[in-house]
Amino acid sequence: MEPEETKEGRATNLAQSAASKLSQMSERTQQLGNVIQDPVRQKRIILVIVCTALLLDNMLYMVIVPIIPDYLEGLQKAADHAEAIAPHSNFTNSTTTAKGNFDLQIGVLFASKAILQLLVNPISGTFIDRVGYEIPLFIGLNVMFLSTVTFAFADNYATLFLARSMQGLGSAFADTAGIALIADRYTVETERSKALGIALAFISFGSLAAPPFGGVLYEFAGKRVPFLILACICLTDGILCLTVLKPFSNRERENMPVGTPMHKLMVDPYIAVVAGALIVCNIPLAFLEPTIANWMEETMHSSQWEIGLAWFPAFFPHVLGVFLVVKLAAKYPHLQWFYGAIGMVFIGASSCTVPACKTFGQLMFPLCGICFGIAFVDTALLPTLAFLVDVRHVSVYGSVYAIADISYCVAYALGPVVAGQIVHDLGFVQLNLGMGLINVLYAPALLLLKNVTQMKPSFSERNMLLDDGPTGLYDTIKMEQREKKKKGLCTTIDEGGTETFAQRSYSEEESSGGEYA
């Protein structure tokens with residue numbers, strides 16, 4: 001009997017120990033959940049999730065630069081070899097056609113991401129305004145994950161084109177929703193500028209670090225490894241988004257106002273000026289990326305490692321530019337337009353000096369100047385878009401940052417297709433002089449934003465919604481009350497329950513619309 005009692009005692013102790021451990025795990029999980037739901041910590045976690053998504057998107061955008069041309073050339077050589085071996089093959093004609101179309105195929109492949117992203121952004125911006133920021137961000141991360149895996153296992157041009165286009169689809173949701181989510185959670189202008197500056201630093205690092213990252217891993221580990229590493233990071237970020245943001249259980253958006261339609265935002269002159277500045281300032285970077293490699297080979301006889309590292313040093317002045325604008329905006333927030341104008345002048349002057357460089361070391365300075373100027377423009381104007389929406393429209397940011405994303409996509413969609421043709425017809429020097437002149441001439445247009453910070457927020461965000469007329473009982477009552485306020489009357493209810501009107505004086509601050517203080 002004693003052995004049986006001993007066994008029963010051990011079983012009881014094991015059960016109690018297991019129950020105690022489960023209770024401790026439950027308490028720790030609850031504590032972790034409380035920490036995650038803390039507003040301050042949650043904002044930081046959201047910033048990490050968004051920055052990781054932007055880093056991945058831009059790394060995937062640029063990591064193919066040293067990989068895909070060489071990989072496609074290898075595929076073409078293998079196809080030519082197979083045709084040469086095959087009897088009665090039309091080898092000469094097919095080879096000549098393939099070589100003639102090779103550069104065009106590379107350009108179309110590179111541009112397909114930006115083109116599809118440009119087409120999807122109007123839809124994604126409206127979708128984000130309707131359902132919130134969390135679900136589109138999660139959808140974008142999933143599509144980017146599928147795109148990265150497709151890149152890893154693609155073995156022909158059609159599959160690579162599909163993967164590149166899928167990345168554009170994912171970016172249209174993830175990038176726009178991520179930037180809009182930062183603007184929504186960081187409501188104080190100084191915090192918002194700092195958070196968006198950090199996001200821009202991750203964008204810059206992803207774009208500039210991806211070519212050497214992809215080139216080294218492709219050389220020593222093969223094509224799949226860099227894409228699989230990025231896919232794992234993307235999967236982790238998606239899991240973190242699902243855990244922290246809980247996109248499918250968050251129903252807070254049901255009680256929030258509907259955003260201003262995108263077509264109304266596009267005709268806003270202030271937003272149009274910002275969008276134009278974002279297009280113009282990114283043209284030099286977008287047009288130089290596909291053309292500078294050939295120019296370096298012809299002019300400087302640069303090696304492949306020099307071409308691969310040409311843009312990497314520019315990361316440091318870009319981060320410096322972001323840091324300076326964030327600090328200056330905290331002290332002098334009314335000069336955001338001026339910081340953007342300085343950036344455009346920097347970009348213009350740097351673009352004009354690129355053709356004068358004769359060595360790899362000299363080329364570093366204008367490229368760093370271009371990225372330094374882009375940092376000034378982006379860091380100054382992206383928070384300005386959110387501020388304009390706050391004071392002139394409804395504080396929902398999906399559509400306005402979709403417009404910003406469209407501005408970037410216009411530059412990067414035209415770059416691979418148009419830049420090469422301009423260099424062929426006019427020359428590399430004329431291309432850079434034209435880009436520099438456009439930036440310098442556009443800088444004075446930012447003077448229109450000079451008095452933006454003096455605007456006052458609207459009396460009610462629902463004013464914009466009621467412009468099209470009331471759509472329900474609540475909106476009808478609010479419309480009637482607003483008409484009475486305009487006439488100097490206010491509604492009161494006496495003791496007998498009878499509605500009466502009293503003369504009322506109201507200040508100009510209660511009027512709707514973004515007016516100057």
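Scroll up to find the structure.
So, how was this worked out
- Residues numbered from 1 in each chain as written.
- Predicted model: local features only at pLDDT ≥ 70, side-chain atom pairs only at ≥ 80, totals over all residues.
- Heavy atoms only, no water.
- Helix = DSSP H or I, 4+ residues; strand = E, 2+ residues; numbered from the N terminus.
- Buried < 20%, exposed > 50% of the residue type's maximum accessible area, 1.4 Å probe, protein only.
- Contact = heavy atoms within 4.5 Å.
- Areas by Shrake-Rupley, 256 points an atom, 1.4 Å probe, with all protein chains shown as cover.
- Phe/Tyr/Trp six-rings, centres within 6.5 Å; stacked < 30°, edge-to-face > 60°.
- Lys NZ or Arg CZ within 6 Å of the ring centre and 35° of its normal.
- Core = buried A, V, L, I, M, F, W, Y, C linked by side-chain atoms within 4.5 Å.

Draft legend 1. Local environment of the overall build of the protein chain. From N to C terminus, the protein chain includes 18 helices and four strands. Counting across all 517 residues of the protein chain, residues that qualify as buried make up 47%. Taking contacts inside the protein chain between residues at least 6 apart in sequence as the whole, the part at least 24 apart equals 81%. Only carbon and sulfur atoms are counted for the fraction: they give 64% of the accessible area of the protein chain, which is about 25300 Å².

Draft legend 2. Quick look at the packing of aromatic side chains. In this structure the tally under the stated criterion is ten aromatic pairs. Through a chain of ring-to-ring contacts, three or more aromatic side chains come together here, namely Phe205, Phe315 and Phe316. The ring of Tyr186 is capped by Lys43, whose NZ or CZ atom sits 4.9 Å from the centre of that ring.

Draft legend 3. Local environment of the side chain of Gln167. By the element assignment, Gln167 lies in helix α6 (residues 157-185). Looking at Gln167, the relative accessible area reads 0%, which means it is buried. Those residues within four positions of Gln167 in sequence are excluded, and the remaining contacts are Asp57, Leu60, Tyr61, Lys113, Ser147 and Phe151.

Draft legend 4. Spatial organisation of the nonpolar core. In this structure, Leu137 and Tyr401 are the most contacted members of the largest nonpolar core, which totals 128 residues. Looking at which element gives the most residues to this core, the answer is helix α15 (residues 360-392), with 18 residues. In this structure, Leu137 is in contact with Ile49, Val50, Ala174, Ala177, Gly178, Leu181, Cys241 and Leu245, ignoring residues within four places of it in sequence. One finds Val325, Ala329, Tyr339 and Ala380 within the second-largest nonpolar core, a separate group that totals six residues.

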